[in-house]
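Here is how the chains run, residue by residue.
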Amino acid sequence: QVQLVESGGGLVQAGGSLRLSCAASGRTFSNYAMGWFRQAPGKEREFAAAITQSGMTTYYADSVKGRFTISRDNAKNTVYLQMNSLKPEDTAVYYCAAGFAAGPTVLYNYWGQGTQVTVSS
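Cut-offs used in this document
Along each chain, residue indices are assigned from 1 in the same order as the chain's sequence is written. The model is predicted, so local features are restricted to residues of pLDDT at least 70 and side-chain atom pairs to those at 80 or more, both for listing and for counting; the totals for chains, interfaces and linings are taken over all residues. Note that the side-chain values use all heavy atoms of the structure and ignore hydrogens as well as water. A run of H or I in DSSP counts as a helix once it spans at least four residues, and a run of E counts as a strand once it spans at least two, with each numbered from the N terminus. Our radius of gyration looks at C-alpha atoms and nothing else; its globule reference is 2.2 Å times the residue count to the power 0.38. Categorising residues by exposure relies on relative accessible area from a 1.4 Å probe, with only protein chains included: less than 20% of the type maximum marks a residue as buried, more than 50% marks it as exposed, and the intermediate range marks it as partly exposed. Only heavy atoms matter for contacts: two residues are in contact if any of them lie within 4.5 Å across the pair. Reported accessibility uses the Shrake-Rupley method at a 1.4 Å probe radius. Residues are deemed covered only where the shown protein chains occlude them. Definition used for salt bridges: Asp or Glu carboxyl oxygen within 4 Å of a side-chain nitrogen of Lys or Arg. Between any two strands, pairing holds if DSSP finds at least two bridges. Lines fitted to the C-alpha atoms define the axes, with helices restricted to the stretch that makes contact. Angles between their N-to-C directions range from 0 to 180 degrees.

Asker: Would you explain the overall build of the protein in this entry?
Answerer: On a plain count of helices and strands, the protein comes out with zero helices and 11 strands. Shown N-terminal to C-terminal, the secondary structure of the protein runs as helices and strands in the order β-β-β-β-β-β-β-β-β-β-β. The C-alpha radius of gyration computed for the protein amounts to 13 Å, which stays within 12% of the reference 14 Å derived for 121 residues, consistent with globular compactness. Here the protein, with 121 residues, has 44% of them falling under the buried criterion. Residue pairs in contact within the protein that sit at least 24 positions apart in sequence constitute 56% of those at least 6 positions apart. Total accessible area on the protein is roughly 6,300 Å²; 47% of this is exposed by carbon and sulfur atoms.

Asker: Is there a simple way to think about the pattern of salt bridges in this case?
Answerer: When their charged atoms lie close together, side chains carrying opposite charge are able to pair. Applying the stated criterion across every chain yields a total of four salt bridges. Among the ionic pairs, Asp 90 bridges to Arg 38, the shortest N-O distance being 2.9 Å. Of this pair, Asp 90 sits in the loop between strand E8 (78-83) and strand E9 (92-99) while Arg 38 sits in strand E4 (residues 33-39), and the two are 52 residues apart along the sequence. The same class applies to Asp 90 and to Arg 38, which are both buried.

Asker: What am I meant to see in the sheet that holds E8 here?
Answerer: Paired through backbone hydrogen bonds, the strands of a sheet run either parallel or antiparallel to each other. With antiparallel pairing, the four strands of this open sheet are ordered in space as E1-E3-E8-E7. Each end of this open sheet is capped by a strand with a single partner; those strands are strand E1 (4-7) and strand E7 (68-73). Across the sheet, the axes of successive neighbouring strands diverge by a mean angle of 15°, strand direction being ignored. Relative to strand E3 (residues 18-24), E1 runs antiparallel, the two being bridged by four bridges.

Asker: I'm lost on unusual backbone geometry in this one. Help?
Answerer: Only a minority of non-glycine residues have a phi that is not negative, and only a minority of peptide bonds are not trans. The backbone of Asn 77 shows a phi angle near 55°, a positive value even though the residue is not glycine. Tracing the sequence through the fold places Asn 77 in the loop between E7 and E8. The phi dihedral of Ser 85 falls on the positive side, at around 50°, and the residue is not glycine. Within the secondary structure, Ser 85 is located in the loop between E8 and E9. Exposure remark for Ser 85: the relative accessible area of 41% places this residue in the partly exposed category.

Asker: For this particular structure, what's the right way to read the pairing of E3?
Answerer: Put simply, side chains in a regular strand alternate between the two faces of the sheet. Across the seven residues of E3, five count as buried, placing the element largely inside the fold. With six bridges joining them, E3 and E8 adopt antiparallel strand pairing. Bridged to Arg 19 within E8 is Gln 82.

Here you go:
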């Protein structure tokens, strides 16, 4: 199994940038596809971005496409979410997840506890 710990959340102004990190334990990080999800107060958790095991393919929700970039460093057992041009609508708890395939409909087996991102305007 894998344990995930998110970091990098905080308070930023609209139009600003933030980079989230997700550190994974274990020796098999490269075996997992990774995803980022978010949940705003009173709303369902939604898919944001995902990346395949090799990092060769990425997926994005339409709401973040062109603004967010997911990447991974398998040597560091870490996946990142670079968020640019942030909007108040991006305010949510962001969760890192690991699974055996990347994409918005995939069952992710492992989850972090989340990191809060708040965008003010």
